[in-house]
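What follows is each chain in one-letter form.
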Amino acid sequence: MKFNTKAIHSGQKSEETSGAVMPPIFQTSTYEQSAPNVHKGYDYARVGNPTRTALEKLIAGLEGADEAACFASGVAAMDALMKMFRPGDHIISSDDLYGGSYRLFTSIFEPYGIKFSFINMTDLELVRKTITPQTKMMWIETPTNPLLRVVDLKKLVEIAKENNILTIVDNTFASPYLQRPLEFGADAVLHSATKYLAGHSDVIHGAVATSNKEILENLRFQVKSTGAVPGPMDCYLTLRGIKTLAVRVQRSVENARKIADFLNSHPKVGQVLYPGLQSHPQHELAMNQMDDFGAMLSFTLKNDSIEAAVKFMSTTKVFTLAESLGGVESLISNPASMTHGSIPKELREKAGLSDSLIRISVGIEDVEDLIADLDQAF
Ligand SMILES: *Cc1c(COP(=O)(O)O)cnc(C)c1O
C-alpha cells in the first residue's frame, strides 16, 4: 500500500459486533474474564484498550514500524523512552530542540544521573567527537525546532551503528507524510501526535513507533507500570485526525512554499529559514530525505528584538498567536519568549536563535489570506 491508502486503512478493520466502520470509543476500565486470566486480549484498560490498539496499528503503519505505543502526551512518550537509560549513560541531542524536550532532559533526567550533550547535529564531525564509551543514544530532531536545520538521518544512523548507539527521531515536525526515519535505519520514532497526526489542535497525545523488540517490550512494560496512557476519546480523535493527514499536510506545504517566497523578498525580513528555499544550507539534503519541505518556517526581523516580534504577532488576524503547530489553522509564535523561554539566553544565542525569530505553523487556509495577513502586520 502507498501512503495515502495506509493513512486510512493500515491495521484498520470494521468492528466485529456491529460492522461499525470506525472503531468505537471503548469507554471502559476493565474487561470480563471467563476464568482467571482467560480473556479476549484485554484485561485492564491501563494496559490496553481496543480504540488505542486501532490507533497504534495505524501509526505503526504510517511509520513502517512493527508496532506503536501510545501515551497521554508527546512528553509522556519521551519520558517512557528515557527510562530505558541508566545513571552514567550519555545522550547526544541537538542544540535547537523542542523546549519541552530540553526541559525534560535537563530538569528531570540530568538530576537522575543521565548525561547530555546538546550540539549542532548537522556537524557530523562534531557528532563523532562528542561520542564517548558511555554514549547510548542520539535524540534526533529534523527539521529542528525552531531553526529548521535538516540533519542527515542516514549518516547519523551510520555513525550511531558503528558505535552501537540507539537513534531515536522526534518526527513531529515533518510527520510521516513527509519523512519516515525508520527507512533510514533509525531505531524508533517519537510523535507528539498533538500536532500533525491529530491535526486539529483539539487533543494532547504522544506515540512511539518502532520495530526494535527491546524498545517495544520496554515501552509496553512502562505503559503497564507507569500508566501515562491516553483515554479512548483522545485515541479516537487522533485516529480520526490521521485519516486526513495526507491532504492536510499536502495543502499546508503548498501554502508554506508561497509564504516562504513572500517573506524572502520582503524588505523588513532579516532571514527566512525554510528547507524549501534554495538558499537553505541543507536544501539538497532535505530534498533527498523528505518527500517535501514541510509547513513550518521561521524568519527574523531586521529590527531584531523580542519587542518587535511581539508587536508583529499581536497585529496578525488570521494567524493565531499560540504555541503548538501542525493544526489546520495557522499559528504564529516567538520561541525566545515562548516555547524556548526555558532555554537560557546564552545557550539560545549560541545556537543561533535570535530574539526576533518568529516561527509559523502554516495551516490549510487560503494562502492569499495568510500572505495578506502577514503583509499588513509589517
Ligand atoms: C509538542 C512537541 C513535543 C511534546 O509533545 P506534547 O504532546 O506537547 O507533550 C515534543 N516534540 C516536539 C517536536 C513537539 O513539537
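Here the structure is a predicted model, which is why all the values come from computation and not from measurement.

Taking burial as the measure, the seven residues of strand β4 (residues 135-141) include six buried ones, the bulk of the element. As judged from the four bridges shared by strand β2 (residues 90-94) and β4, these two strands associate in the parallel manner. By the bridge assignment, S93 is partnered in β4 with W139. Where β4 and strand β5 (residues 166-170) come together, five bridges link them in parallel fashion. Paired with I140 across the bridge in β5 is V169.

Next up on the list: the packing of aromatic side chains. A complete count under the given rule lists 10 aromatic pairs for this structure. Where Y102 meets F118, the ring centres are 4.9 Å apart and the plane angle is 55 degrees; that geometry is what we call tilted. With a gap of 16 residues between them, Y102 in helix α4 (residues 99-109) and F118 in strand β3 (residues 115-119) connect regions that are remote in the sequence. Members of the aromatic cluster, each reached through a chain of ring pairs, are Y102, F105, F116, F118 and W139. Above the face of the Y98 ring, K195 is positioned so that its terminal group lies 5.1 Å from the ring centre.

Taken in spatial order, the seven strands make up an open sheet running β1-β7-β6-β5-β4-β2-β3, and their pairing is mixed. Because the sheet does not close on itself, it has two edges, and the strands there are β1 (67-71) and β3. Recorded for the sheet is a direction-independent mean angle of 20 degrees between the axes of neighbouring strands. Where β1 meets strand β7 (residues 206-210), five bridges bridge the pair, whose relative direction is antiparallel. Directly across from F71, in β7, lies its bridge partner G206.

So, on to the layout of surface pockets. Estimates place the volume of the largest pocket at around 770 Å³. Lining the largest pocket we find 23 residues, and of these E15, E16, F26, Y42 and P50 sit closest to its centre. Per-class residue counts for the lining of the largest pocket are eight nonpolar, nine polar and six charged. In this structure, the second largest pocket spans a volume of roughly 360 Å³. Lining the second largest pocket are 23 residues; nearest its centre among them are V75, Y98, S192, T194 and K195. It is helix α3 (residues 74-82) that contributes the most residues to the lining of the second largest pocket, three residues altogether. When the residues that make up the lining of the second largest pocket are grouped by side-chain class, the tally is eight nonpolar, nine polar and six charged. Residue contributions to the lining of the second largest pocket reach at least three from each of two domains, namely domain 1 (3-242) and domain 2 (245-377).

The next point concerns the domain arrangement of the protein. Per the domain assignment, the segments of the protein are domain 1 (3-242) and domain 2 (245-377). Each of domain 1 and domain 2 has a C-alpha centre, and the two are 25 Å apart. Every contact between the two is made by 40 residues of domain 1 and, on the other side, 40 residues of domain 2. Overall, the association of domain 1 and domain 2 removes approximately 3,300 Å² of surface from exposure, summing both partners, and the carbon and sulfur fraction of that is 62%. Seen at the junction of domain 1 and domain 2, the total is one salt bridge. R180 is the salt-bridge partner of D291, the closest N and O atoms lying 2.9 Å from each other. Run the count over domain 1 and domain 2 and you get 14 residue pairs in polar contact (both at pLDDT 80 or more). Contributing elements (two or more residues each) for the side of domain 1 that touches domain 2: α1 (3-9), α4, α6 (153-162) and α8 (232-242). Of all the elements, α4 adds the most residues to the side of domain 1 that touches domain 2, at three residues. Class assignment for the residues of the side of domain 1 that touches domain 2 results in 22 nonpolar, 11 polar and seven charged.

The environment of the ligand is formed by S73, G74, V75, Y98, D170, T172, S192, T194, K195, H205 and L325. At a separation of 2.9 Å, an oxygen atom of the ligand approaches a polar backbone atom of G74. Residue S192 places a side-chain N or O atom 2.8 Å away from an oxygen atom belonging to the ligand. Surface burial for the ligand is 94%, taken as the share of its 380 Å² of free accessible area covered by protein chains. The site holding the ligand turns out to be the second largest pocket. The residue inventory of the shell around the ligand, partitioned by class, reads three nonpolar, six polar and two charged.

Bringing the side chain of H205 into the picture now. Turning to its location among the elements, H205 is positioned in the loop between β6 (188-192) and β7. Taking the relative accessible area as the measure of exposure, H205 reaches 0% and is therefore buried.

In this section: the sheet that holds strand β9 (residues 296-301). Taking strand neighbours across the sheet as the criterion, the five strands line up as β8-β9-β12-β11-β10 in an open arrangement whose pairing is mixed. Since the sheet does not close on itself, it has two edges, and those belong to β8 (269-273) and β10 (320-321), each with one partner. Direction of pairing for β8 relative to β9: antiparallel, over a ladder of three bridges. Following the sheet pairing, V269 is matched in β9 by L301. Sheet contacts for helix α11 (residues 306-314): β9, β10, β11 (331-333) and β12 (358-361); angle to β9, the most-contacted strand, approximately 125 degrees.

Scoring rules and cut-offs
Residues numbered from 1 in each chain as written. Predicted model: local features only at pLDDT ≥ 70, side-chain atom pairs only at ≥ 80, totals over all residues. Heavy atoms only, no water. Buried < 20%, exposed > 50% of the residue type's maximum accessible area, 1.4 Å probe, protein only. Helix = DSSP H or I, 4+ residues; strand = E, 2+ residues; numbered from the N terminus. Pairing = 2+ DSSP bridges. Phe/Tyr/Trp six-rings, centres within 6.5 Å; stacked < 30°, edge-to-face > 60°. Lys NZ or Arg CZ within 6 Å of the ring centre and 35° of its normal. Axes fitted to C-alpha atoms, helices over the stretch in contact; angles between N-to-C directions. 1 Å grid on protein atoms, 1.4 Å probe; cavity = no way out; pocket = protein on both sides within 12 Å on 5 of 7 lines; lining within 4 Å. Points joined across faces, edges and corners; volume = space filled by probe spheres on them. Nonpolar A, V, L, I, M, F, W, Y, C, P; charged D, E, K, R; others polar. Domains from an automatic or database assignment. Contact = heavy atoms within 4.5 Å. Buried area = accessible area lost by both parts, 1.4 Å probe. Salt bridge = Lys/Arg side-chain N within 4 Å of Asp/Glu carboxyl O. Polar contact = N/O pair within 3.5 Å; in protein donor to acceptor, adjacent residues only side chain to side chain. Near = heavy atom within 4 Å. Areas by Shrake-Rupley, 256 points an atom, 1.4 Å probe, with all protein chains shown as cover. Sits in = over half its atoms within 2 Å of the grid points.

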